[in-house]
Amino acid sequence: MRIDAITLFPEWLDQLEHYGVVGRGLREGRLSLTSWNPRDYTDSASRRIDDRPYGGGPGMVMQSAPLAQTLAEIRSAQAAAQSSPVLLMSPQGERFDQRWAERLAASPGFVLVCGRYEGIDQRFIDRYVDAEISAGDMVLSGGELPAMMIVDAVARLLDGVLGDQRSASQDSFSAELLDHPHYTRPPHSQDGAVPDILLSGDHARIERWREKQALGRTWLRRPDLLDSIELTDRQETLLAEFIAEYGAMPGSA
Ligand code: 9D3
């Protein structure tokens, strides 16, 4: 997989190489990430990449030409990026999610464009951008963090990037349901006790407890997720138990 990123802060994305499983995947060459600074692809000595908005208003707009030049450089320097789709990080974009991550992980590569300032000249978007992607409904100062988020989410789906492939496939399950609670040693601490069942060694009951917790938490915190999946009979039973126990809890009325 090859990822190219167009950004005014290339050093920022380049940091990904130093940390965690994604860093290892990059160092081992399971994926490549190359950052490109549009300031390096300007004609003028001024290295200007932005200008004031036509029609007036606050802030600056990124010009199309330096971005288009950068993209041309990527396509000619990297044979493998010849036909990579161009994804613009944008608050106007489609919300990024695990389905997007899976789709991108199955592709040979893509180009991420990070905007700064008020926005990007619409002509660049119309001519070169295949999709616009948002990190969610919050105002950020640019597309770099969303781009890093995408690289992280995609990289960990690639073969061999996560040491234990079981965690990757379990993740696609937990993309549909929220996770159950986790505990580790010690079994008793000043902050409380670990639920007895987790110490019981009865793996079937533990699995059942975890699935019930996952369903219950999803019902409490993200009921929208339950609307979009079909529960098995076993899951329906577990969720009904959770709801009954929750309703019987002191203070729940
Ligand atoms: C306060 C500025 N806004 C005026 C209505 C518009 C605006 C312009 C540029 C808001 C944010 C940005 C910069 N953000 C991104 O480039 C961005 C982003 C985001 O802000 N939120 C969620 N996902 C993304 S992806 C790229």
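A closer look at the pattern of salt bridges
Moving on, step 1. Counting across every chain of the model gives 12 salt bridges.
Moving on, step 2. Among the salt bridges present, the one from Arg123 reaches Asp121, with a minimum N-O distance of 2.8 Å.
Moving on, step 3. Relative accessible area serves as the criterion here: at 18%, Asp121 is assigned to the buried category.
Moving on, step 4. Between Glu241 and Lys212 there is a salt bridge, and its shortest N-O distance comes to 2.9 Å. Of this pair, Glu241 sits in helix 11 (residues 233–247) while Lys212 sits in helix 9 (residues 203–221), and the two are 29 residues apart along the sequence.
Moving on, step 5. According to the relative accessible area criterion, Glu241 is partly exposed, its value standing at 25%.

A word on the domain arrangement of the protein chain
Moving on, step 1. Taken domain by domain, the protein chain holds domain 1 (2–155) and domain 2 (188–246).
Moving on, step 2. Relative to domain 2, the C-alpha centre of domain 1 lies at a distance of 40 Å.

Points about the packing of helix 9 against helix 11
Moving on, step 1. Two elements in contact, helix 9 and helix 11, have axes separated by 9 Å at closest approach and are oriented at 70 degrees. In terms of their interaxial angle, helix 9 and helix 11 are classed as roughly perpendicular. Judged by the twist between their axes, the crossing of helix 9 over helix 11 is right-handed. Taking contact as the criterion, the partners of Glu207, Arg208, Glu211, Lys212, Gln213, Leu215, Gly216, Arg217, Trp219 and Leu220 in helix 9 are, on helix 11, Arg234, Gln235, Leu238, Leu239, Glu241, Phe242, Ile243, Glu245 and Tyr246.
Moving on, step 2. Across the contact of helix 9 with helix 11, the residue classes tally to 8 nonpolar, 3 polar and 8 charged.

Remarks on unusual backbone geometry
The bulk of non-glycine residues show a negative phi, and the bulk of peptide bonds are trans.
Moving on, step 1. Between Arg185 and Pro186 the backbone carries a cis peptide bond, its omega angle lying at 5 degrees.
Moving on, step 2. Of note, Pro186 is situated in the loop between helix 7 (165–174) and strand 9 (188–189).
Moving on, step 3. Backbone geometry places Tyr117, a non-glycine residue, at a positive phi of 65 degrees.
Moving on, step 4. Here Tyr117 shows up in the loop between strand 6 (109–114) and strand 7 (119–120).

Let's talk about the site of the ligand
Moving on, step 1. The local shell around the ligand holds 17 residues, among which Glu118, Ala135, Gly136, Met138 and Leu140 are the closest.
Moving on, step 2. Met138 is positioned such that a nitrogen or oxygen atom in its backbone is 2.7 Å from a nitrogen atom of the ligand.
Moving on, step 3. Contacts to the ligand include Gly143, whose backbone N or O atom sits 3.5 Å from an oxygen atom.
Moving on, step 4. With the chains in place, 72% of the 570 Å² that the ligand exposes on its own is no longer accessible.
Moving on, step 5. According to the grid-proximity analysis, the pocket containing the ligand is the second largest pocket.
Moving on, step 6. By residue number, the principal contributor to the shell around the ligand is strand 5 (residues 86–95), which donates 3 residues.

What to know about the packing of aromatic side chains
Moving on, step 1. Taken as a whole and judged by the stated rule, the model has 5 aromatic pairs.
Moving on, step 2. Each ring, one from Phe242 and one from Tyr246, has its centre 6.3 Å from the other, and the planes form 10 degrees; the classification is stacked. Here Tyr246 and Phe242 lie together in helix 11, a separation of 4 residues that amounts to about one turn.
Moving on, step 3. Owing to a relative accessible area of 11%, Phe242 belongs among the buried residues under this scheme.

Rules of the game
- Throughout this document, residue positions are counted from 1 along each chain, in the order its sequence is written.
- Restriction of local features to residues with pLDDT of at least 70 applies here, the model being predicted, together with a cutoff of 80 or more for giving and counting side-chain atom pairs; totals for whole chains, interfaces and linings are based on all residues.
- For side-chain calculations, the full set of non-hydrogen atoms in the structure is used, while hydrogens and water are omitted.
- A pair is scored as a salt bridge if a Lys or Arg side-chain nitrogen falls within 4 Å of a carboxyl oxygen belonging to Asp or Glu.
- A simple rule labels every residue: compare its accessible area, found with a 1.4 Å probe on the protein chains alone, to the largest value its type can have, and call it buried under 20%, exposed over 50%, or partly exposed in between.
- Comment: elements are numbered from the N terminus, with helices defined as DSSP H or I runs of at least four residues and strands as E runs of at least two.
- Source of the domain bounds: an automatic or database domain assignment.
- The axes used here are C-alpha line fits, helices contributing only the stretch in contact, and every angle between their N-to-C directions lies in the interval 0 to 180 degrees.
- Angle categories are assigned with fixed cut-offs, so that under 35 degrees is roughly parallel, over 145 is roughly antiparallel, 65 to 115 is roughly perpendicular, and the rest are oblique.
- A clockwise turn of the near helix away from the far one marks a right-handed crossing, whereas an anticlockwise turn of less than a right angle marks a left-handed crossing.
- Contacts are assigned to residue pairs that have any heavy atoms within 4.5 Å of one another.
- Each residue gets one of three labels, nonpolar for Ala, Val, Leu, Ile, Met, Phe, Trp, Tyr, Cys and Pro, charged for Asp, Glu, Lys and Arg, and polar for the others, Gly among them.
- Whether a residue is near a molecule or strand depends on its heavy atoms: if one lies within 4 Å, it is near.
- Whenever two N or O atoms come within 3.5 Å, that pair is a polar contact, provided that in protein one can donate a hydrogen and the other can accept it, and provided that, for residues adjacent in sequence, both atoms are side-chain atoms.
- Under the convention used here, a 1.4 Å probe and the Shrake-Rupley method define accessible areas, while residue burial counts only the protein chains that appear.
- Using only the protein atoms, space was sampled on a 1 Å grid; points where a 1.4 Å probe fits but cannot get out form cavities, open sets with protein on both sides within 12 Å along at least five of seven lines form pockets, and lining residues are those with an atom within 4 Å of a point.
- To qualify as sitting in a cavity or pocket, a molecule needs more than half of its atoms within 2 Å of the grid points.
- A pair of Phe, Tyr and Trp rings is counted when the ring centres sit within 6.5 Å of each other, with Trp represented by its six-membered ring. The angle between the planes then sorts it: under 30 degrees is stacked, over 60 is edge-to-face, the rest tilted.

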